[in-house]
Every structure is written in structure tokens, then in C-alpha cells.
Amino acid sequence: MKIPSFLRSFPLTALLSPLSGLVLCVLLIVVFAQNPAAALASFFTGNFTSAYYFGTMLNTATFLMTAGAGAALAIKSGNMNLGGEGQVYAGGFVTALVLGSNWAQGTGTPALAFVTALLAALVAGACLALIAAVLKETRGAEVLLTSFLASAAVLPLIDGLLLSLMKNNPESQHLIALPYIAERFRLPQLLAPSPFNASFFAACALCLLLWLFLRATTAGRHLLIWGKAPLFARAAGYSSVAASFGSLAVSGALHALTGFFAVTGTYYTCHKDFYVNMGWNALSAALIVSSHPLLLLPSSLVLAWLYTAAGRVGLTQGFAFDIAGIVQGVILFAVAIPFSFEKLTEHRQRAATGHRQSDATDGSAHKEAT
């Protein structure tokens, strides 16, 4: 039986990241759980014995796949988008703002308000990511840094807007949030009482469409070349502006779509810090599989199972610390180490190539002068 090419190229080192999180989680359960044997049994099987936790796991995978697709596209084009959390937050905020407005509440066509909120969220995420693209093309700034800084700037801004707007929200009580969206704008639950909804299938379709785009279209292949061999792409005349602006705009829009799904399908409002870890966890899911869109599906499911199981055990066993947060941090750290070495090697190779080209140019100029 012939093994698909994308599986043959799958790096085995990527398995170390979720495995490190799994081993750490087991160790923490053994050391700190009140009943380690029962806690371990619940950790491995609990998600599949409860409709609520199984649906929650699939819903978490939805966020990882959607935002992970945005992170994967940016990485494939040679742009590391670290502003995912701000883009998710912006998408959710705009969604709740539009669907909670008087216009949406009074319109007789809920579909129009729903689509308007979706488009507004996508535009918000795309515009936030395009800040990094503009700075890259005009000032030569690193996308990795500028995307992170833009996100870090927008997070407290949205927090401030929520604080100022919550005065008009009688339902908020002690929750810093916008008013809950109306029932007709909410995605119906498919596995009650969990928040699992149709956005899961939309996220799966997005991963498939992204794979087809990169594999079967000229624009997709150009993006891949920019990510693998930027010097060759520039020499071949491929547009750097189109690659940077296009990939980052779509990446930001997909992260904002994650916020849209979170508001319309899970929380039904935009509350403070709902975005926490969504962007970083999605980046982990993408990096684990070298940003392959199809492999993003199983990696998201595995991480969703691990995070949901860890959170459930920490809650039921009375842990004094956030075990799920620790596991998420360890996985991201384990993913970042090989990726950092890979980028450092690529940077050194590009620098060496540039020096050789400079030396060759100087030698030719010397010969001509002689």
C-alpha cells in the first residue's frame, strides 16, 4: 500500500510535542490527584463517556482548526503571524457588537444581520493582520514581531471598550461582556448540552479548501515558494506584496472567524478574555504538523482531547493550579524549540548565500576594473 506523500514527509519530532504534554499531565495527576487511579481513568476515557465533554472536545477542535488554518497559511507563505489572539478577540467583539445592535435586533431578516456580522468580523481580523503586512513591505519589519505587537495593543483596547459598553448591559452583573445575542443568531446545538454545533464541519471544510488552494492553484504554489525559497520567488518575479498582503489578510480573517464561531456558537456574547490561549493553541496545532492543512484535523482533535481531559480532571480532582494551562504551555514550548532551530538554520543559509553573492559581485567588479 502506497503511503501518501504528506504522511511520508511528516516529521516524527512533531509527535514529541503532544507526547510531552501527555506525559506531564499524567505525572501531575499521579503526584497531585486525590485519587490518582480514578483520575487517570477519567483522563483517558472521560471525554468519550459524556455527551457534554465529547461535544466540548469537538468544539475546542473547531477553534483549533479554524485559527490553525489561518496560522498555517501565514507560515506556509513565510510570514509567522503571532497576532492570533488579538485577531480572535477582535472578531468576537465585532460579531457581538453587530448582532447586539438595535439594527440587528429590529431587522426582519436575521440572515442579513448574521452575514453582516460575519463579514464585519472577517474584515476586522484582516485589517489587524494587514498592519504587519504594511510594515513588512514598507519598512522591512519582521511580521513575527509586528503582528504580536499589534495584537498586544488591541487586547487592552477591546477590554476598555467592553468596560465602557457594559454599563448598558443589565445582564452582565459581574461579567465584563456585551449583551447576549438573540436566540435567532445562535448556532443550534447538535449534541446538547455541549456547545458542539455546525461550525465544526465548516472548520473541517476550511482545512480541505486550504489544502486544495495551496496544492492546485497558481497563487497557492507561489505562496509556498515564498515560504520555502524567497530568494528564488523574488528572482522569478513573484509579487512579494501580493504574497504578504494576501496571506496575512486571510490569516487574520480566519482567526477572526474563530471569534465569530465562539460568540455565535459557544458563549453567545463577547466577554473579557474569552480568547485566551485560542491563538497560541491553534499555532501549536499548526506547527506540530508543519502547517499541513489536512494533518491539522487530527492534530486539532488530539490537542482538543488533551486540553479538555486535563481541564476536566483538574476541576474534578480539586487541583490548586490550572493543569490545562500548564500542559498548553509545555506543548507550545516543545513545538517552538525545533521550529526555532529550523528558522535559525534557514536564516544562516540565507545569510551565507547573500555573502557568496556579494563576494561574487565584488570579484566581477574587480575584474572589470582591472
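Structural notes, computed from the coordinates. (Residues numbered from 1 in each chain as written. Predicted model: local features only at pLDDT ≥ 70, side-chain atom pairs only at ≥ 80, totals over all residues. Heavy atoms only, no water.)

What follows deals with the overall build of the protein. Along the protein, the regular secondary structure elements total 15 helices and zero strands. Here the protein displays about 17,700 Å² of accessible surface, and carbon together with sulfur accounts for 68% of that area. (Helix = DSSP H or I, 4+ residues; strand = E, 2+ residues; numbered from the N terminus. Areas by Shrake-Rupley, 256 points an atom, 1.4 Å probe, with all protein chains shown as cover.)

The peptide bond linking A192 to P193 adopts the cis configuration, its omega dihedral lying at 5°. Within the fold, P193 resides in the loop between α8 (143–165) and α9 (199–216). For Y268, which is not glycine, the phi torsion reads 60° and is therefore positive. Note that Y268 resides in the loop between α12 (240–267) and α13 (278–288). Non-glycine residue S291 carries a positive phi angle of around 65°. Structurally, S291 can be placed in the loop between α13 and α14 (296–316).

A few words now on the pattern of salt bridges. It is possible for side chains bearing opposite charge to pair when their charged atoms get close. Overall, the coordinates contain two salt bridges when judged by the stated rule. The partner of R186 in a salt bridge is E183, with the nearest N and O atoms 3.3 Å apart. Relative accessible area serves as the criterion here: at 23%, R186 is assigned to the partly exposed category. The salt bridge involving K272 is made with D273; its shortest N-O contact spans 3.2 Å. (Salt bridge = Lys/Arg side-chain N within 4 Å of Asp/Glu carboxyl O. Buried < 20%, exposed > 50% of the residue type's maximum accessible area, 1.4 Å probe, protein only.)

With that out of the way, let us pick up the packing of helix α5 (residues 84–99) against α12. Here α5 crosses α12 at 50°, and the two axes come no closer than 7 Å. On the basis of their axis angle, the class for α5 and α12 is oblique. Considering how the two elements wind past one another, α5 and α12 form a crossing that is right-handed. On α12, the residues touching G84, Q87, V88, G91, G92, T95, A96 and L99 of α5 are S251, G252, H255, A256, T258, G259, F260, V263 and T264. Residue classes in the contact of α5 with α12 are distributed as six nonpolar, 11 polar and no charged. (Axes fitted to C-alpha atoms, helices over the stretch in contact; angles between N-to-C directions. Parallel < 35°, antiparallel > 145°, perpendicular 65-115°, else oblique. Left-handed = near helix turned anticlockwise from the far one by under 90°. Contact = heavy atoms within 4.5 Å. Nonpolar A, V, L, I, M, F, W, Y, C, P; charged D, E, K, R; others polar.)

Let us now look at the side chain of N81. Structurally, N81 is set in the loop between α4 (51–76) and α5. Separated by 3.0 Å, the side chain of N81 and the backbone nitrogen of G83 make a polar contact. At 3.1 Å, the side chain of N81 forms a polar contact with the side chain of Q87. With residues near it in sequence (within four places) discarded, N81 still touches A74, Q87, S147, L248, S251, G252 and H255. (Polar contact = N/O pair within 3.5 Å; in protein donor to acceptor, adjacent residues only side chain to side chain.)

This part takes up the packing of aromatic side chains. Tallying each qualifying case throughout the model produces 15 aromatic pairs. Seen in terms of ring centroids, F148 and W280 are 6.4 Å apart; in terms of plane orientation they differ by 50°. Their pairing is tilted. Separated by 132 residues along the polypeptide, F148 in helix α8 and W280 in helix α13 bring together distant segments of the chain. The exposure class of F148 is partly exposed, given its relative accessible area of 37%. With centroids separated by 6.4 Å and ring planes inclined at 80°, the aromatic side chains of F274 and Y275 adopt a geometry described as edge-to-face. (Phe/Tyr/Trp six-rings, centres within 6.5 Å; stacked < 30°, edge-to-face > 60°.)

This part covers the packing of α4 against α9. Interaxial distance between α4 and α9 falls to 8 Å at its minimum, and their mutual angle equals 20°. By the angle between their axes, α4 is roughly parallel relative to α9. Read as a crossing pair, α4 and α9 show a hand that is left-handed. Counted together, L58, A61, T62, M65, T66, A69, L73 and K76 of α4 and S199, F200, A203, C204, L206, C207, L210, F213 and L214 of α9 form the full contact between these two elements. For the contact of α4 with α9, a count of residues per class yields 13 nonpolar, three polar and one charged.

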